[in-house]
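Chain residues, written in single-letter form:
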Amino acid sequence: MHLAYPAVLSALLFCTGLHGVLARRNAILVLMSVELMLNAVNLNLVAFDVWLSRAAKDTLHSGQALTLFTIAIAAAEIGIGLAIVLAVYRNRGTSDIDKLRDTAEGPEASGPDTGGPGTSAAEKAEATA
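Here the structure is a predicted model, which is why all the values come from computation and not from measurement.

### Description of helix α1 (residues 4–23)
- For α1, built from 20 residues, the straight-helix expectation of 28 Å at 1.5 Å per residue is met to within 8% by its first-to-last C-alpha distance of 28 Å.
- The complete set of buried residues in α1 reads P6, S10, G17 and G20. Looking straight down α1, one finds that the buried residues subtend no more than 90° of arc, so they occupy a single side. With respect to the buried face of α1, the exposed residues turned more than 90 degrees away are L12, H19 and L22.
- Where α1 is buried, its residues meet α2 (27–55).

Here it is as structure tokens:
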């Protein structure tokens, strides 16, 4: 089998995962897209390891070893990521990333000196005069 087939499949998987990360709003679907991207990397590592092992008979199969490490890191990432998503869902009632991004920015300073969102037009005029 040629190296081009798994490389093209890996590129398609990676692009699908990248689109999912950029386009999705649900945190769980974003985590699944990150997993697709990591699996594309794993496929590339194994394909290049097999391709390089044909040239030299005495190889250490480092691509397959790196794939095992990537799988372990991906399992830890999905476990921690899902725990965080579930904790945020329990506290906020949503897993929509756009709504969570708004709450992460924090409250804006308000008052007559800053002219924040809680200041009326008359208070702003008094503060500037």
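### A closer look at helix α3 (residues 62–92)
- A rise of 1.5 Å per residue sets the reference length of α3, with its 31 residues, at 45 Å; its end C-alpha atoms lie 44 Å apart and thus fit the reference within 8%.
- If you check which residues of α3 are buried, you get G63, T67, T70, A74, G81 and V85.
- Contacts from the buried residues of α3 go to α2.
- Two residues or fewer after α3 comes G93, characterised by a positive phi angle close to 85°.

### What to know about the layout of surface pockets
- In this structure, the largest pocket occupies an estimated 160 Å³ of space.
- As for the largest pocket, its lining consists of M1, H2, L3, P6, L43, V46, A47, V50, W51 and R54.
- Considered class by class, the residues forming the lining of the largest pocket number 8 nonpolar, 1 polar and 1 charged.

About the thresholds
Residues numbered from 1 in each chain as written. Predicted model: local features only at pLDDT ≥ 70, side-chain atom pairs only at ≥ 80, totals over all residues. Heavy atoms only, no water. Helix = DSSP H or I, 4+ residues; strand = E, 2+ residues; numbered from the N terminus. Expected span 1.5 Å × (residues − 1). Buried < 20%, exposed > 50% of the residue type's maximum accessible area, 1.4 Å probe, protein only. Arc of directions from axis to C-beta. Contact = heavy atoms within 4.5 Å. 1 Å grid on protein atoms, 1.4 Å probe; cavity = no way out; pocket = protein on both sides within 12 Å on 5 of 7 lines; lining within 4 Å. Points joined across faces, edges and corners; volume = space filled by probe spheres on them. Nonpolar A, V, L, I, M, F, W, Y, C, P; charged D, E, K, R; others polar.

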